[in-house]
Amino acid sequence: MPEKPVSLPEYDYLIVGGGAAGLSLAYHISQEPRLASKRVLLLEPEAKNQNDRTWSFWTDEPMLFDGIVAHEWQQLAFRSPQFERVFSLQRHRYKMIRGLDFYQFVHAALANNPQFTRVAAPVATLENLPAGGVRATTTTGEQFTGHYAFDSRPPELRELQQPHKHRYLLQHFVGWEVETNHDVFDPTTQEFMDFRGEQHQEPRFMYVLPFSKRRALVEYTLFSGQVLPKAEYETEIRRYLREQLGVNAFQITAEEVGAIPMTDHPLPSRNGPGIIHLGVRAGRAKPSTGYAFKRIQVHSARLVEGLAATGHPPRNLNGDRWQFRLFDTLLLDIMQRRGEITRDIFADMFRKNPVERIFDFLDERTTWVENFQIMNSVTPWPFLRSIWHVLRGRPGKREEAE
């Protein structure tokens, strides 16, 4: 895949951004024979040559990236002061992909494919042209045109915020990949949510991906409006290792830090006729959980199928169903009003439902009957109060515990 700069070429597709969403779409296009003649320009702001993140997801179907899955688990643990259980997964497996493996895999697949060209430059502006098509202008002034542009740049939510109408939180975390000098972890069981720590009026839990008996990713995760000083995450990770696992001596071999926007603010699927949104910009990070990788794959597959079948992106590109948007809004409202009771809501869900049903629900694949079973398993009053806030068109404010 050449990296030489070119002046004012015309491409079929411009892909803006080389993260999970942009590279996923590029790879999906490369695997579709009906699009083999399309010229694709990938505009990446920076080289992806470090393991800057991991992506985890559950699935019960084969995926295009199964070959680079670094680890998978067939058991999952949920823990809280009131309830804890280890679940054996039946249909699903919980999987993890390392960012560097993903970047290298996709770049290698595109490197010798003549339909792809890569330019290493940030995009400053992206616009629809009056006569049709789109134009991208880089920060150095280079311009590129195409029939469609696919924009995966992070949305500027601060510019969009309407705090009296929508809910705006972050899922933020610090994770350490640690090695211990004695056996500690169970590599068959992923710690999905461990709520046994203090909540501080917010949903806070530990998340653990064990790779061996002595090596694991241990992550402190919160849902709130503001990130914490980094030392606070680190203190909680040390406390968890010491108090829950009996670990005092360990080595940190890698670190990841992140903050994912979680909002019910409508994020449009496109900007005008020629600019199609991808990833978080298209609302593909699920508003109530932050999971995005598998939703990005579904989005890419739907987009490529439309392009291959009709030459145009499908009208209902995201395929979101209104009832699941409502569920996300209600949970965000509860997190914003009484974040500490989120722990009890998830405890009820995991105590009263098969884990496969919970995964299907979070994947937005459940039927009306299954949705009722999920909602009937949790205490209704927090949701009824949030429904009132939704009906009056204003998010709830922080409430003191009763």
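Everything below is about the structure shown above.
Keep in mind that this is a model prediction, so the values were computed, not measured.

Participant: Just give me the short version of the overall build of the protein, but keep the residues and values in it.
Facilitator: From N to C terminus, the protein includes 10 helices and 18 strands. Here the protein has a C-alpha radius of gyration of 22 Å; the compact-globule value for 402 residues is 21 Å, and the two agree. For the C-alpha atoms alone, the extent of the protein along its principal axes is close to 60 × 55 × 40 Å. By residue count, 54% of the 402 residues in the protein fall in the buried class.

Participant: Run through the pattern of salt bridges, naming residues and quoting values.
Facilitator: Tallying each qualifying case throughout the model produces 36 salt bridges. Close ionic contact of Arg34 with Glu32 constitutes a salt bridge, the shortest N to O distance being 3.0 Å. On the basis of relative accessible area, Arg34 is assigned to the partly exposed category, the value being 45%. Linking Arg215 and Glu177 is a salt bridge whose minimum nitrogen-to-oxygen distance equals 3.0 Å. Within this pair, whereas Arg215 is found in strand 15 (residues 215-224), its partner Glu177 is found in strand 12 (residues 168-180), the two being separated by 38 residues in sequence.

Participant: Before we move on, could you go through the sheet that holds strand 7 (residues 93-98) and cite the residues and values that matter?
Facilitator: Taken in spatial order, the three strands of this open sheet run 3-7-4, and their pairing is antiparallel. Single-partner strands in this sheet number two, and they are strand 3 (54-59) and strand 4 (71-73). On average, each strand axis in the sheet is inclined to that of its neighbour by 20°, with strand direction left out of account. Looking at chain direction, strand 4 and strand 7 are connected through three bridges and run antiparallel. Bridge pairing in strand 7 places Trp73 opposite Tyr94.

Participant: Tell me what's going on with a nonpolar patch on the surface, and back it up with residues and numbers.
Facilitator: On the surface, a cluster of nonpolar side chains totalling about 620 Å² of accessible area is made up of Trp381, Leu384, Ile387, Trp388 and Leu391. Along the chain, Leu391 turns up in helix 10 (residues 381-391). Taking the relative accessible area as the measure of exposure, Leu391 reaches 67% and is therefore exposed.

Participant: Give a detailed account of the side chain of Gln297, specifying residues and quantitative values.
Facilitator: On the secondary structure map, Gln297 appears in helix 5 (residues 293-310). Polar side-chain contacts of Gln297 include one of 2.9 Å to the side chain of Ser24.

Participant: Could you give me a rundown of helix 6 (residues 322-338), with the residues and numbers involved?
Facilitator: Given a rise of 1.5 Å per residue, 17 residues ought to cover 24 Å, and the 24 Å separating the end C-alpha atoms of helix 6 matches this to within 8%. For helix 6, a buried count of 13 out of 17 residues is recorded, marking the element as mostly surrounded by other parts of the structure.

Participant: Which residues make up helix 4 (residues 230-243), and what values go with them?
Facilitator: In a regular helix each residue adds 1.5 Å, so 14 residues correspond to 20 Å; helix 4 covers 20 Å between its end C-alpha atoms and thus fits that length. Contacts made by the buried residues of helix 4 are with strand 12, strand 13 (189-194), strand 14 (204-210), strand 15 and strand 16 (250-263).

Participant: How would you explain the side chain of Glu234 if you had to name every residue and give the values?
Facilitator: Along the chain, Glu234 turns up in helix 4. Residues within four places of Glu234 in sequence aside, it is in contact with Trp176 and Glu255.

Participant: Describe in detail the packing of helix 6 against helix 10, supporting the description with residues and values.
Facilitator: Look at helix 6 against helix 10: their axes get within 9 Å of each other, and the N-to-C directions meet at 105°. Our classification of the angle between helix 6 and helix 10 gives roughly perpendicular. Touching Leu326, Thr329, Leu330, Asp333, Ile334 and Arg337 of helix 6 are Pro382, Phe383, Arg385, Ser386, Ile387, His389 and Val390, all from helix 10. Each residue belonging to the contact of helix 6 with helix 10 can be placed in one class, and the counts come to seven nonpolar, three polar and three charged.

Participant: So what's going on with the packing of helix 6 against helix 7 (residues 342-352)? Which residues, and what values?
Facilitator: In the contact formed by helix 6 and helix 7, the axes pass within 9 Å of each other and the chain directions differ by 140°. In terms of orientation, helix 6 lies oblique with respect to helix 7. Counted together, Leu331, Ile334, Met335 and Arg338 of helix 6 and Thr342, Ile345 and Phe346 of helix 7 form the full contact between these two elements. Here the contact of helix 6 with helix 7 is composed, by residue class, of five nonpolar, one polar and one charged.

Participant: Now, about the packing of aromatic side chains: what can you tell me, with residues and values included?
Facilitator: Summed over the entire model, instances satisfying the criterion amount to 36 aromatic pairs. Considering the side-chain rings of Tyr13 and Phe150, the 5.6 Å spacing of their centres and the 70° angle between planes classify their relative orientation as edge-to-face. In this pair, Tyr13 is assigned in strand 1 (residues 10-16) and Phe150 in strand 11 (residues 143-151), connecting sequence segments 137 residues apart. Pair check on accessibility: Tyr13 and Phe150 agree, each one buried. Ring centres 5.8 Å apart and planes at 80° place the aromatic pair Phe102 and Phe293 in the edge-to-face group. Of this pair, Phe102 sits in helix 2 (residues 99-111) while Phe293 sits in helix 5; the two residues are 191 residues apart in sequence, bridging distant segments of the chain. The same class applies to Phe102 and to Phe293, which are both buried. Across the ring face of Phe211, the terminal group of Arg98 is positioned such that the distance to the ring centre comes to 5.1 Å.

Rules behind the numbers
- Residues numbered from 1 in each chain as written.
- Predicted model: local features only at pLDDT ≥ 70, side-chain atom pairs only at ≥ 80, totals over all residues.
- Heavy atoms only, no water.
- Helix = DSSP H or I, 4+ residues; strand = E, 2+ residues; numbered from the N terminus.
- Rg over C-alpha atoms; globule rule 2.2 N^0.38 Å.
- Buried < 20%, exposed > 50% of the residue type's maximum accessible area, 1.4 Å probe, protein only.
- Salt bridge = Lys/Arg side-chain N within 4 Å of Asp/Glu carboxyl O.
- Pairing = 2+ DSSP bridges.
- Axes fitted to C-alpha atoms, helices over the stretch in contact; angles between N-to-C directions.
- Patch = residues over 30% accessible without salt bridge, like charges linked within 9 Å, V, L, I, M, F, W, Y side chains within 5 Å.
- Areas by Shrake-Rupley, 256 points an atom, 1.4 Å probe, with all protein chains shown as cover.
- Polar contact = N/O pair within 3.5 Å; in protein donor to acceptor, adjacent residues only side chain to side chain.
- Expected span 1.5 Å × (residues − 1).
- Contact = heavy atoms within 4.5 Å.
- Parallel < 35°, antiparallel > 145°, perpendicular 65-115°, else oblique.
- Nonpolar A, V, L, I, M, F, W, Y, C, P; charged D, E, K, R; others polar.
- Phe/Tyr/Trp six-rings, centres within 6.5 Å; stacked < 30°, edge-to-face > 60°.
- Lys NZ or Arg CZ within 6 Å of the ring centre and 35° of its normal.

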